[in-house]
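# Geometric and topological summary
This is what each chain is made of:
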Amino acid sequence: MTTKPKLKEKRIGLFVCHCGVNIAGVVDVGKVAEQLKDTPGVSFSTDYVYMCSDPGQQMIIDTIKEKHLDGIIVAACSPTLHEKTFQEAARLAGLNPYQIEIANIREQDSWVHTDKEKATKKAVKIVKSHVAKARQNENLDPIKVDVNRRALIIGGGVSGLQAAMDIADHGYEVILVEKNPSIGGKMIQLSETFPTLDCSQCILTPKMVEVSRHPRIKLLTYHEVDSISGFVGNFKVRIKKRPRYVDETLCNLCGECEKVCPQVVPDEFNMGLSFRKAIYLPFPQAIPGTYTLDAENCLGLNPVRCGKCKDVCDKKAIDYDMKETITEEEVGAVVVATGYDLYTMQALGEYGGEKYDDVVNGLEFERILSASGPTGGEIRRPSDGKVPRSIVFVQCSGSRDSEKHLPYCSKICCMYTAKHAMMYRHRVPDGQATVFYIDVRTGGKSFDEFYMRTVEEDKVLYIRGKVSKIFKEGDKLIVWGVDTLTGKKVEIEADMVVLAMAMVKADGVQDLLKKLKIATDIHGFLAEAHPKLRPVESLNAGFYLAGCAHGPKDIPETVAQASAAAAKVGDLFAQKELVHEPTVVPVNDELCSGCGICLTMCPYTARTLDPARGVVVVNEILCEGCGACAAACPSGAAQQRNQTDDQIFSMLRAMLRD
Amino acid sequence: MFEPQIMCFLCKWCTSSAADMAGTSRIHYAPNNINMRVMCSSRVDPQHILYAFKEGADGVFLGGCHPGDCHYVEGNYKTLRRIALFKIMLKDLGIDPKRLRLEWISAAEGKKYAETMNEFTEQIRALGPLHLNEKALVQEVVKDE
């Protein structure tokens, strides 16, 4: 059995409420009070017309003081209504609020039954069970911990930037970690943005500059979060600094190093559609404005050194001996804004993206459209640089195909495909744009108008149906599809094909998320604490979600979510200390065998096995008190405070015997 | 007429709120049940259910949130698995598994709660008293479905 210190008998006061006629009309409240006055533990029993009224509460307060009561039962309405009221009354009388029990004899008795005798009998049982529980209730104090008012943001895309700005503007310090050489994320690669056709770089770069200059934001690019330990309000973060081999404080962007570098590699920023050197600036507005030496492709780091860039660097900014370093930071909250990736061309073999240069994905087409892209904004196809006279756009490439690919909708593709087709028609007025779609989903402000403009003004041909195969014939791409409205097969000769690839979980951060034990959904996107009521919080206390790491979404939604996450971090930081319900499930060391069953029950990682002592330890601030572990513990070592197994058994006895 | 005793374990977030909702809506139902509010259906240990039978319950009802709605993410799935196994055990113990019922009733489903209570009460009335407290080891004959 569990530990049951023999306490001296409690002095419990029982207060039965009439609630006007709401309870007294059906339940004989006087009889309830009378019948239970001699129950073990009860030393005072009465009934009153409205317990929640001021005189009612005062009566409770006075009686507690006069009769030295150390436990109270209020038999009244549902605890969701007045539990707090009576807890406060108890506190005023100097009694621990966790000594209050509310017996629900209104919603779950007088209001649902008409037989007075049976309802009264039921009320007696209900109240009696609470007496049984109250006899074993302990005084509890809320669990309190300090909060470290600094936030960590993982990811420097638009969501991370927005969250960082907002939290810093609230007056708190922020550490922003980005694994790439520059902040900006995927948004900086986009050309125009739907439905307003704002230039993406023009609207994002001011934000990037603002973040980099903010006095309360510590920007750590080319860094990665290695691990996070601790708990809400008190995290310890290990951050790995990848060697850049260029001292960013010395580099003045003269570009001499790039000119002499002999190593040419595909440029990630342009999705491999152009080339860069091994020492490079990701893009002209990169922040921080510094060259980065890509160690994988550099010759200088190999034993036979090249060293050309180092020789020409006037500033002596290049250092081949830089090493990876680890720093530690302490923060109170973490915003995970790790972004997304696109479904791979390999996964959609029938569309030929791997084989044919002119089958590109949406992000590649963004680069082709972009004024800072490989073609300077002219639409030319990658294979031979010709202006395509016909482009086929394939929506739902990988999305909404539960049999072969991904069951979910990637949400933004309908809109960006409309934009792609429109931009193409604007720049190649005699070109033919054809879109294959399953449905066109345009839920968003001004979205449908934009789509209608694409169809009506820009004369883009929309065909409802899927594409089955894309193959090459001469220098043309042949697109086989079906028009499901006419039921006919369609064959289109195209110069280029753009696949609206599904958005998927970000590839590079999965190990980190696993290490952090952050809850994810079945597709690897971050899971929110509640799909409706807590959409920007993770289940793991102190972690917040922003942007496409949580699921496909467009820029305004991403920004809104990032601001919401920042506001939630603000909520946390505004508290003097974290206060947590004490009705958690601790472990009795003497009974715990260290089997670890409860660890698998806990969705909050509140429980860990202490290998040295062979027992489970509980981080009470993380425990939400669901009690799943208590039910699973084979030795009775895990007991929920003020709802122990003993208390449940006592309540059952009181309810069911005789 | 036999009046069965029905012990209900209700999750605080959904089914207990549904029971409150039934009250607020004044939906009348059979007074045979008595409720215990727990934080989550997964707090209920099969031992509690067995103990309820032993102490005189003729039927035990367990109410939780609908799949996907659990306040504690997945507590109801844990309950589902536990109860499925426990029903097999109940049969071996000589208690008709039909005496134990698990339902998902959301906070908005006051009517469903009341209807379920009526239905379950009638079901248990038809099965007759369990009297496990009196006959201790005398087992109920459980017919195969």
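Residues numbered from 1 in each chain as written. Chains lettered and ligands numbered in written order. Predicted model: local features only at pLDDT ≥ 70, side-chain atom pairs only at ≥ 80, totals over all residues.

## Here's the deal with the overall build of chain B
Across its full length, chain B holds five helices and four strands. Secondary structure elements of chain B occur, N-terminal to C-terminal, as β-α-β-α-β-α-β-α-α. Taken over the C-alpha trace, chain B has a radius of gyration of 15 Å; the compact-globule value for 145 residues is 15 Å, and the two agree within 12%. In terms of principal-axis extent, the alpha carbons of chain B reach across some 40 × 35 × 25 Å. Burial status across chain B gives 55% buried among its 145 residues. Within chain B, residue pairs in contact and separated by at least 24 positions form 81% of the contacts whose partners lie at least 6 positions apart. (Helix = DSSP H or I, 4+ residues; strand = E, 2+ residues; numbered from the N terminus. Rg over C-alpha atoms; globule rule 2.2 N^0.38 Å. Buried ≥ 20, exposed ≤ 12 C-beta atoms within 10 Å, placed from the backbone. Contact = placed C-beta atoms within 7 Å.)

## Some remarks on the overall build of chain A
When helices and strands are counted, chain A shows 18 helices and 34 strands. On C-alpha atoms alone, chain A measures out to a radius of gyration of 33 Å, which is more than a quarter above the 26 Å that the 2.2 N^0.38 rule sets for 658 residues. Overall size of chain A, expressed as C-alpha extent along the three principal axes, is 95 × 65 × 45 Å. Counting every position in chain A, which comprises 658 residues, the buried fraction comes to 49%. A fraction of 70% describes how many contacts in chain A between residues 6 or more apart in sequence connect residues 24 or more apart.

## Considerations on the environment of Phe649 of chain A
All names here are of chain A. Positionally, Phe649 belongs in helix α18 (residues 645-656). Classification of Phe649 as partly exposed rests on a count of 17 C-beta atoms within 10 Å. A sequence separation of 517 residues divides Phe649 from Ala132, and the C-alpha atoms of the two residues are 9.2 Å apart.

## Details of the interface of chain A and chain B
In this complex, chain A contributes 35 residues to the contact, which on the side of chain B involves 34 residues. Elements that contribute at least two residues to the side of chain A that touches chain B include exactly α5 (106-110), α6 (116-134), α17 (628-632) and α18 of chain A. Of the residues forming the side of chain A that touches chain B, the biggest block, eight residues, is contributed by α18 of chain A. Class assignment of the residues belonging to the side of chain A that touches chain B gives a composition of 17 nonpolar, eight polar and 10 charged. (Nonpolar A, V, L, I, M, F, W, Y, C, P; charged D, E, K, R; others polar.)

## Comments concerning the domain arrangement of chain A
Note on interface size: it is often stated as the accessible area lost on association of the parts. Here chain A is described as being made up of domain 1 (12-134), domain 2 (150-242 + 326-339 + 508-574), domain 3 (243-323), domain 4 (344-504) and domain 5 (581-641). Once you take the C-alpha centre of each, domain 4 of chain A and domain 5 of chain A turn out to be 53 Å apart. (Domains from an automatic or database assignment.)

## What to know about α6 of chain A
With 19 residues, α6 of chain A should cover 27 Å at 1.5 Å per step; its first-to-last C-alpha distance of 27 Å lies within 8% of that length. Here α6 of chain A lies mainly inside the structure; 15 of its 19 residues are buried. (Expected span 1.5 Å × (residues − 1).)

## Regarding the sheet that holds strand β4 (residues 100-104) of chain A
Residue and element names in this part refer to chain A. Reading across the sheet, the four strands line up as β2-β1-β3-β4 and stay open at both edges, with parallel pairing between neighbours. What marks the edges here is a single partner per strand, and that holds for β2 (42-48) and β4. In this sheet, neighbouring strand axes are inclined to one another by 15° on average, regardless of whether the strands run parallel or antiparallel. Bridge count for strand β1 (residues 12-17) against β2 is six bridges, and the pairing is parallel. Paired with Ile12 across the two strands is Val42, which belongs to β2. Running at roughly 160° to β2, helix α3 (residues 54-67) makes contact with β1, β2 and β3 (71-76) of the sheet. Against the sheet, helix α4 (residues 79-92) engages β3 and β4, with an angle of about 150° to β4. (Pairing = 2+ DSSP bridges. Axes fitted to C-alpha atoms, helices over the stretch in contact; angles between N-to-C directions.)

## Notes on the packing of helix α7 (residues 158-169) of chain A against helix α8 (residues 200-213) of chain A
Two numbers describe a pair of packed helices, the interaxial angle and the distance between the axes. Residue and element names in this part refer to chain A. Interhelical geometry of α7 versus α8 gives an angle of 45° and a closest axis separation of 10 Å. When the interaxial angle is binned, α7 and α8 end up oblique. Seen from above, α7 lies across α8 with left-handed handedness. Contacts from Val158, Leu161, Ala164 and Met165 of α7 reach α8 at Leu204, Lys207, Met208, Glu210 and Val211. Residue classes in the contact of α7 with α8 are distributed as seven nonpolar, no polar and two charged. (Parallel < 35°, antiparallel > 145°, perpendicular 65-115°, else oblique. Left-handed = near helix turned anticlockwise from the far one by under 90°.)

## Here's the deal with the nonpolar core
Counting residues in each nonpolar core, the largest one holds 127 residues, and the members touching the most others are Ile153, Ala164, Val335 and Val497 of chain A. Counting 120 residues, the second-largest nonpolar core is a separate cluster that includes Ala75, Ala103 and Cys629 of chain A together with Met39 of chain B. (Core = buried A, V, L, I, M, F, W, Y, C linked by C-beta atoms within 7 Å.)

## Some thoughts on the sheet that holds strand β4 (residues 100-104) of chain B
All names here are of chain B. Within the open sheet, the four strands sit side by side as β2-β1-β3-β4. Their pairing is parallel. Either end of the sheet is taken by a strand with one partner, and the two such strands are β2 (33-38) and β4. Neighbour to neighbour, the strand axes of the sheet diverge by 20° on average, direction disregarded. Examined bridge by bridge, strand β1 (residues 6-11) and strand β3 (residues 59-64) share five bridges and lie parallel to one another. Its bridge partner lying in β3, Ile6 is registered against Gly59.

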